[in-house]
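Take a look at the letters that make up each chain.
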Amino acid sequence: ADCGGGLRGLRTTRAVASGEPLLCVPRHLLLDEIAAEASPVSGLWRDDEPSLSTLGKLALALLHEARRPDSVFAPYIATLPSPREFAQCGPAALWEPEQIALTENAQLSADALQRRDGIASSPLLSDELRRAEAWQRLGLPAPPPSNRDVLWAIACVTSRALGAAGMVPVADLANHNAPHNIERGLVPDGSAFLFVAKGALRKGEQV
């Protein structure tokens, strides 16, 4: 739904009772660390960088899926912000240190600089030639991602991932600042990601 200011979000289409399920995303549509480890792209870090962060794994898995025309994630990937959109107002981790300093927010600056250092210290994320050689060696879909592609993927994961659940199509449209009206998470057997109303919701209320 259009939530104003050109922003998209989730709204109820009818009144909802407390405890009623609002959204259910099956496990095979979650792009999380489990999916990344099961993907052919996992050969990149198993061979070259076993200590790669979860963020890095999800970014490379996203880039792999973006190059597969038959990917189950293709409709979701088509909805993600473009590199140009992220260049205008992307996550702080992608800003230059001088830009981060302008925020005058110590916690934001520390988190952003730590993430930038993590990207720079990872050969798979920062060394385009090394990554391309490994990508081709594993026979992954062409073309190998550039460093610009990697930054786009990191921006997507940073701005969209829902904790350990990773990237959850549709669910990431929910209002991140006001999760007070829902309970969300994986069901006990891990087969799906579920949104449940915490209390009664009116028709048209933002989730």
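This is a predicted model, so every value here is computed, not measured.

Rules and cut-offs
Residues numbered from 1 in each chain as written. Predicted model: local features only at pLDDT ≥ 70, side-chain atom pairs only at ≥ 80, totals over all residues. Heavy atoms only, no water. Pairing = 2+ DSSP bridges. Helix = DSSP H or I, 4+ residues; strand = E, 2+ residues; numbered from the N terminus. Axes fitted to C-alpha atoms, helices over the stretch in contact; angles between N-to-C directions. Buried < 20%, exposed > 50% of the residue type's maximum accessible area, 1.4 Å probe, protein only. Phe/Tyr/Trp six-rings, centres within 6.5 Å; stacked < 30°, edge-to-face > 60°. Polar contact = N/O pair within 3.5 Å; in protein donor to acceptor, adjacent residues only side chain to side chain.

## Digging into the sheet that holds strand β1 (residues 21–26)
Two pairing modes exist for strands in a sheet, parallel and antiparallel, and in both the strands are linked by backbone hydrogen bonds. Taken in spatial order, the 3 strands make up an open sheet running β1-β3-β2, and their pairing is antiparallel. The outermost strands of the open sheet, each flanked by one partner alone, are β1 and β2 (182–186). Taken pair by pair, the neighbouring strands of this sheet meet at an average axis angle of 10 degrees, ignoring direction. For β1 and strand β3 (residues 192–197), the ladder comprises 5 bridges, and the chain directions are antiparallel. Among the inter-strand pairings, P21 is bridged to a residue of β3, identified as V196.

## Observations concerning the environment of T13
By the secondary structure assignment, T13 is in the segment before β1. Residue T13 is classed as exposed on the basis of its relative accessible area, which comes to 67%. In sequence terms T13 and G204 are 191 residues apart; their C-alpha atoms lie 5.7 Å from each other.

## Points about unusual backbone geometry
With an omega of -5 degrees, the peptide bond running from A142 to P143 counts as cis. One can find P143 in the loop between α9 (128–137) and α10 (147–160). You will see that V170, though not glycine, has its phi angle at about 75 degrees, which is positive. Within the secondary structure, V170 sits in the loop between α10 and β2.

## What about the pairing of β2?
For β2 and β3, the ladder comprises 5 bridges, and the chain directions are antiparallel. Considered in β3, the bridge of I182 is made with A197.

## A short note on the packing of aromatic side chains
Per the counting criterion, the structure on display carries 1 aromatic pair. Where F193 meets F195, the ring centres are 5.9 Å apart and the plane angle is 55 degrees; that geometry is what we call tilted. One exposure class covers both F193 and F195, and it is buried.

## So, the side chain of S71
Position of S71 relative to the elements: it lies in the loop between α3 (54–66) and α4 (74–77). There is a polar contact of 2.5 Å between the side chain of S71 and the side chain of E65. Of note is the side chain of S71, whose polar atom sits 3.0 Å from the backbone nitrogen of F73.

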